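Single-letter residue listing:
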Amino acid sequence: PGMHNLDSLARRINKWGSAPPRTVILVDNGDVVVPLRLEGMRSADEIPVDFYGEIAFHFAPKQAADFVTNLFKARTELRWEEVSDILLSEVRQAVETMCNTSSIEDLIKDPQRRLRFEDQLQETLGQALERYGMALVRVASAEFTGKEYEELRAKAGDLELKARGIEFQQRMRELVSGERMHELKNEQDLNEYVAQLAQEKQIGDRQRDHEFAR
């Protein structure tokens, strides 16, 4: 980490004397958010459904060997957007299984089912990213979409809002009792996390502030 000119960097890389040729891979190791899109799936009642999600992750320096061996391989460059395509194959089965075993009504109105899906997605992505030398920060968003799905969701109205509220409340309880709280460095981090969660669950400011205070 840090700033270097090419001469000083070369000396650091070859500081053991007449070293053999070496390869340097420059990596942005800040948090990265990439989209995941899957189309053409069907619910248990044969309604077309698409999936859109966003995940936040970062490079894990201690697992650099896994990154080079399993992901970077013989490339000369790897864009983080390409990682999104690689991860799609990892999550496709989990998403398709969720769709195939759930009716549209389940996907819209059942908060527990959606929360279980988020947890499964988090576990699947966490394992995949670990193999590739990266660490999952969080599933930033996970939503089913599609024309017919959105039409039915609009008709659900208040039931959809109540389901979102339940999801938000449960995630807030998990935040207090889980490891995630220990990862937050200060109150600003906590505020940002809760604001992002409320945005994903489409929660109004009043309910967000109420849950935050609790």
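Residues numbered from 1 in each chain as written. Predicted model: local features only at pLDDT ≥ 70, side-chain atom pairs only at ≥ 80, totals over all residues. Heavy atoms only, no water.

Enquirer: Provide a residue-level description of the sheet that holds strand S1 (residues 32-42), including the pertinent values.
Expert: The strand order S1-S2-S3 describes an open sheet built from three strands, whose pairing is antiparallel. This sheet does not close on itself; its edge strands, each paired only once, are S1 and strand S3 (134-145). Taking each pair of neighbouring strands and ignoring which way they run, the sheet shows an average axis angle of 20°. Strand direction decides the pairing type here: strand S2 (residues 48-59) and S3, joined by ten bridges, are antiparallel. Residue pairing across strands places histidine 58 opposite alanine 135, the latter belonging to S3. With respect to the sheet, helix H3 (residues 80-100) is in contact with S1, S2 and S3, its orientation differing from that of S1 by roughly 40°. (Pairing = 2+ DSSP bridges. Helix = DSSP H or I, 4+ residues; strand = E, 2+ residues; numbered from the N terminus. Axes fitted to C-alpha atoms, helices over the stretch in contact; angles between N-to-C directions. Contact = heavy atoms within 4.5 Å.)

Enquirer: Provide a residue-level description of the side chain of glutamate 118, including the pertinent values.
Expert: Along the polypeptide, glutamate 118 turns up in helix H5 (residues 111-131). Once residues lying within four places of it in the same chain are set aside, the contact partners of glutamate 118 are Ala142, Arg171 and Lys201.

Enquirer: So what's going on with the pattern of salt bridges? Residues and values would help.
Expert: Where charged atoms from two side chains of opposite charge approach closely, those side chains can pair. All chains considered together, the criterion is met by ten salt bridges. Between arginine 92 and glutamate 96 there is a salt bridge whose closest N-O contact spans 3.2 Å. Taken as a pair, arginine 92 and glutamate 96 lie in helix H3 at a separation of four residues, close to a single helical turn. Via salt bridges that share partners, Arg79, Glu81 and Glu82 belong to a single interconnected network. (Salt bridge = Lys/Arg side-chain N within 4 Å of Asp/Glu carboxyl O.)

Enquirer: Lay out helix H9 (residues 187-200) in plain terms, naming residues and giving numbers.
Expert: An α-helix turns once every 3.6 residues. As a result, residues three or four positions apart point the same way. The first and last C-alpha atoms of H9 sit 20 Å apart over 14 residues, in line with the 20 Å expected at 1.5 Å per residue. Turning to H9, its buried residues number three or more, namely Leu190, Tyr193, Val194, Leu197, Ala198 and Glu200. Down the axis of H9, the buried set is contained in an arc of 160°. They therefore lie on one face. In H9, the exposed residues that point more than 90 degrees away from the buried face are Gln188 and Gln199. Backbone geometry just after H9 places glutamine 202 at a positive phi near 60°. (Expected span 1.5 Å × (residues − 1). Buried < 20%, exposed > 50% of the residue type's maximum accessible area, 1.4 Å probe, protein only. Arc of directions from axis to C-beta.)

Enquirer: Go over the side chain of serine 43 with me, naming the residues and quoting the values.
Expert: Looking at the element boundaries, serine 43 is found in the loop between S1 and S2. The class for serine 43 is buried, based on a relative accessible area of 2%. Reaching out from serine 43, the side chain makes a polar contact with the side chain of aspartate 45 at a distance of 2.4 Å. Residues contacting serine 43, with those up to four places away along its chain left out, are Val49, Cys99, Asn100, Ser102, Ser103 and Ile104. (Polar contact = N/O pair within 3.5 Å; in protein donor to acceptor, adjacent residues only side chain to side chain.)

Enquirer: If you had to explain unusual backbone geometry to someone new, which residues and values would you point to?
Expert: The backbone of glutamate 46 sits at a positive phi, close to 65°, despite the residue not being glycine. In this fold, glutamate 46 is placed in the loop between S1 and S2. The backbone of lysine 73 shows a phi angle near 50°, a positive value even though the residue is not glycine. Tracing the chain through its elements places lysine 73 in the loop between helix H2 (64-72) and H3.

Enquirer: Outline H5, listing residues and values.
Expert: Spanning 21 residues, H5 covers 31 Å between terminal C-alpha atoms, matching the ideal 30 Å at 1.5 Å per step. Of all the residues in H5, the buried ones are Pro111, Arg113, Arg114, Leu115, Phe117, Glu118, Leu121, Thr124, Leu125, Ala128 and Leu129. Just downstream of H5, glycine 133 is the residue with a positive phi angle, here 75°.

Enquirer: Provide a residue-level description of the confidence of the model for the protein chain, including the pertinent values.
Expert: The predicted model of the protein chain averages 83 in pLDDT, with 95% of residues at 70 or higher. Averaged pLDDT values for the elements of the protein chain fall to 70 in helix H8 (residues 180-183) and rise to 93 in H2. (pLDDT = per-residue confidence, 0-100.)

Enquirer: Now, about the pairing of S1: what can you tell me, with residues and values included?
Expert: By the bridge criterion, nine bridges tie S1 to S2 in an arrangement that is antiparallel. Each bridged residue has a counterpart across the sheet, and for methionine 41 the counterpart in S2 is valine 49. The antiparallel pairing of S1 with S2 creates a hairpin that spans five residues between the two strands, and glutamate 46 there sits at a positive phi of about 65°.

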